[in-house]
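Coordinates in review
Chain by chain, the residues run as shown.
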Amino acid sequence: MAAWGDDPSGHLVDVADHRLFVDCTGRPSEMTVILENGLGAGLGAWKAVQSKVEEFSRVCSYDRAGEGHSDKPRQPQTPDSFVADLHRLLAVEKIPGPYVLVGASIGGIYVRRFALRDPDGTAGMVLVDSSHEEQYGHYAAISPAIAERFATQDGRFDRNDSLRASGQLEPGERLQWHFDIPLIVLEHKRLSGPPRTEMDRLAVAWHELQMDLASRSKYGRLVETNSGHFMAGEQPEIIVESIRNVIEQAETLRRGARRK
C-alpha cells in the first residue's frame, strides 16, 4: 500500500454513513483535476504529481472508502458506489467542475464510470496504465489460472466481490463507453519482441486493451512510457505533462464551443 507521508494536509469529509479523506491544493482554476488512486494506494501515491499540478491548476486527491485514512464502508463496494461517494465528496466540499479526471490502474475504471454519470462535468481524462473492464475475460482466454489470481488479487479477496468492485465485465461482454473528450492513455513499457510465454501473451493483451481505451475518444492518444505500473512514483513528470496537455486542449474546445 502506498504511504501517506508523515503529515497529510487533507481532512475527513462526511459522505452518507462514512468519511473520506481529501486533500485539495492549488489556486482556483477554470478546471479542477481529480486524482483517482489505484487499488490499495493511499493518496500519498500522488504526492509527486500533485505537487507539480498545483502550480497550474486546482487539484484534489482523496482516499476511497476503506483505503488510507478514509472510513471502511459498511457494504461491499462497486464502481457505482465509489462514484456516488466521489460525487457526494465534491458536492459537500463545493469542489467545482468541470473536472479533468486522472485514473491510475483500477482508478481508470472508476473515472470512466464517473464520466458516464456526469458527462457535462467531465472536461478531459488521463488514464495511467488503467485497468480495463474486459481485462478478466482477456486474461481468462490466455490462462484461467492467472485470471483467477487476478480476480482474487492473489487470494487476498473474494473472487466475486473483487470482480464486482473492479467493474469487470463477464467474458464475451464488451465495454460500451465512448466519450469524445481530450484523452491521453499512458501505458507502461511494452514487451519487446514476439510473445513466447503466457506472461508475454498477457502483456500483448494489456497493450491491446490500452489501444482500445485510446480509441474511445476521437481525441484519444496512447503514449508508451519507460515506467512500470506504478507510474506516479516512477515517472510522475509524464503524468503532469499529460494533465497539462489535456487541460489546454479542453480549454480550447470549450472556448470554441462558446463562440458557436
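All of the points below concern the structure found in this document. (Residues numbered from 1 in each chain as written. Predicted model: local features only at pLDDT ≥ 70, side-chain atom pairs only at ≥ 80, totals over all residues. Heavy atoms only, no water.)

1. Observations concerning the sheet that holds strand 1 (residues 11-15)
With mixed pairing, the eight strands of this open sheet are ordered in space as 1-2-4-3-5-6-7-8. In this open sheet, the two edge strands, each paired with only one partner strand, are strand 1 and strand 8 (220-224). If you compare each strand with its neighbour and ignore which way they point, the axes differ by 25° on average. Strand direction decides the pairing type here: strand 1 and strand 2 (residues 18-25), joined by five bridges, are antiparallel. Counterpart to D14 in the pairing with strand 2 is R19. The strands touched by helix 7 (residues 198-214) within the sheet are strand 6 (122-128), strand 7 (183-187) and strand 8, with strand 7 carrying the most contacts at an inclination of about 170°. Relative to the sheet, helix 9 (residues 236-259) contacts strand 3 (32-36), strand 5 (99-104), strand 6, strand 7 and strand 8, its axis offset from that of strand 6 by approximately 160°. (Pairing = 2+ DSSP bridges. Helix = DSSP H or I, 4+ residues; strand = E, 2+ residues; numbered from the N terminus. Axes fitted to C-alpha atoms, helices over the stretch in contact; angles between N-to-C directions. Contact = heavy atoms within 4.5 Å.)

2. Digging into the nonpolar core
Judged by nonpolar contacts, the single largest core of 28 residues is most densely connected at L89, L101 and M125. In terms of residue count, helix 2 (residues 79-92) provides more of this core than any other element does, four residues in total. Setting aside its immediate chain neighbours within four residues, L89 contacts V13, V15, L20, V22 and Y62. V49, L186, V223 and A250 belong to the second largest nonpolar core, which has 25 residues in total. (Core = buried A, V, L, I, M, F, W, Y, C linked by side-chain atoms within 4.5 Å. Buried < 20%, exposed > 50% of the residue type's maximum accessible area, 1.4 Å probe, protein only.)

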